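Below, each chain spelled out in residue letters.
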Amino acid sequence: MPGVPTVRVQEAPFDPGAETAALSAGRVDVGGIASFVGLCRADDGLEALVLEHYPGMTERAIRTIVETALARWPLTGCTVIHRVGRIRPGEGIVLVLTASAHRVAALESCAFLIDWLKTRAPFWKREEFAGGGERWVAARADDDARAAGWESTAG
């Protein structure tokens, strides 16, 4: 029986180890946990990535994505934490954890979640560079193609 999924949008950094321990604590039905930690890169002299969102709307969208994963794979638990605000290179942006009795469900659902979060969660990203330059991050066609691939794939 799956636990209640954890979905948080927050400014504070997250601790992947602590979140993994919390997901499996006291659970004997967890055979494996898949994880993805997205980090801020320092491409092209990036000083910070600023993520904006609409509180409430973003959490609802992420919960809908998580519910889709729970319906497609036999998960025993799921954690999705996405940061907002100013994030510096090397800091975590997103954490996705999926727990299941078996590795395939955990791994596939984790990949699905990050692909759909990347394209369907309402975040706006602005890059800040040394010297004061900045630019908004546009959607990428390859991210859209990966996410669309899950449309025709049964879990």
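Residues numbered from 1 in each chain as written. Predicted model: local features only at pLDDT ≥ 70, side-chain atom pairs only at ≥ 80, totals over all residues. Heavy atoms only, no water.

Here the focus is the sheet that holds strand β8 (residues 134-136). Judged by pairing direction, the sheet is antiparallel, and its four strands sit side by side in the order β5-β3-β7-β8 without closing on themselves. The two strands at the open ends of the sheet, each matched to only one other strand, are β5 (85-87) and β8. Adjacent strand axes in the sheet meet at a mean angle of 25° when their direction is disregarded. Examined bridge by bridge, strand β3 (residues 46-53) and β5 share three bridges and lie antiparallel to one another. Residue pairing across strands places V50 opposite R86, the latter belonging to β5. (Pairing = 2+ DSSP bridges. Helix = DSSP H or I, 4+ residues; strand = E, 2+ residues; numbered from the N terminus. Axes fitted to C-alpha atoms, helices over the stretch in contact; angles between N-to-C directions.)

Let us now look at the layout of surface pockets. Estimates place the volume of the largest pocket at around 980 Å³. Along its surface, the largest pocket is lined by 33 residues, and K118, K125, V137, R140 and D143 are the ones closest to its centre. Counting residues per element, the ones that place at least two in the lining of the largest pocket are β2 (32-39), β3, β6 (92-100), α3 (103-120), β7 (123-129), β8 and α4 (141-149). If you tally residues by element for the lining of the largest pocket, the top one is α3, at six residues. A per-class count over the lining of the largest pocket returns 17 nonpolar, three polar and 13 charged. (1 Å grid on protein atoms, 1.4 Å probe; cavity = no way out; pocket = protein on both sides within 12 Å on 5 of 7 lines; lining within 4 Å. Points joined across faces, edges and corners; volume = space filled by probe spheres on them. Nonpolar A, V, L, I, M, F, W, Y, C, P; charged D, E, K, R; others polar.)

A separate point is the confidence of the model for the protein. For the protein, mean pLDDT is 92; residues scoring 70 or higher make up 95% of the total. Within the protein, the element-level pLDDT minimum falls on α4, averaging 84, and the maximum on β5, averaging 98. (pLDDT = per-residue confidence, 0-100.)

Turning our eyes to something else, we now look at the sheet that holds strand β1 (residues 6-10). On the basis of which strands lie adjacent, the open sheet formed by four strands has the order β1-β4-β6-β2 and mixed pairing. Of all the strands in the sheet, just β1 and β2 have a single pairing partner and so form its edges. Geometrically, the sheet is characterised by an average inter-axis angle of 5° between neighbouring strands, direction not taken into account. Here β2 runs beside β6; their pairing, made up of eight bridges, is antiparallel. Of the residues in β6, the one forming a bridge with F36 is V96. Where helix α2 (residues 57-72) meets the sheet, its contacts fall on β1 and β4 (75-83), and the angle it forms with β1 comes to roughly 150°. Contacts from α3 reach β2, β4 and β6, with the element oriented near 150° to β6. (Contact = heavy atoms within 4.5 Å.)

Turning next to the nonpolar core. Counting residues in hydrophobic clusters, the biggest one holds 33 residues, and the most contacted among them are I62, V96, F112, L113 and L117. Contributions of two or more residues to this core are made by β1, β3, α2, β4, β6, α3 and β7. The dominant element in this core, judged by the number of residues it contributes, is α3, at eight residues. Residues within four places of I62 in sequence aside, it is in contact with V7, V9, V80, H82, L117, A121 and F123. (Core = buried A, V, L, I, M, F, W, Y, C linked by side-chain atoms within 4.5 Å. Buried < 20%, exposed > 50% of the residue type's maximum accessible area, 1.4 Å probe, protein only.)

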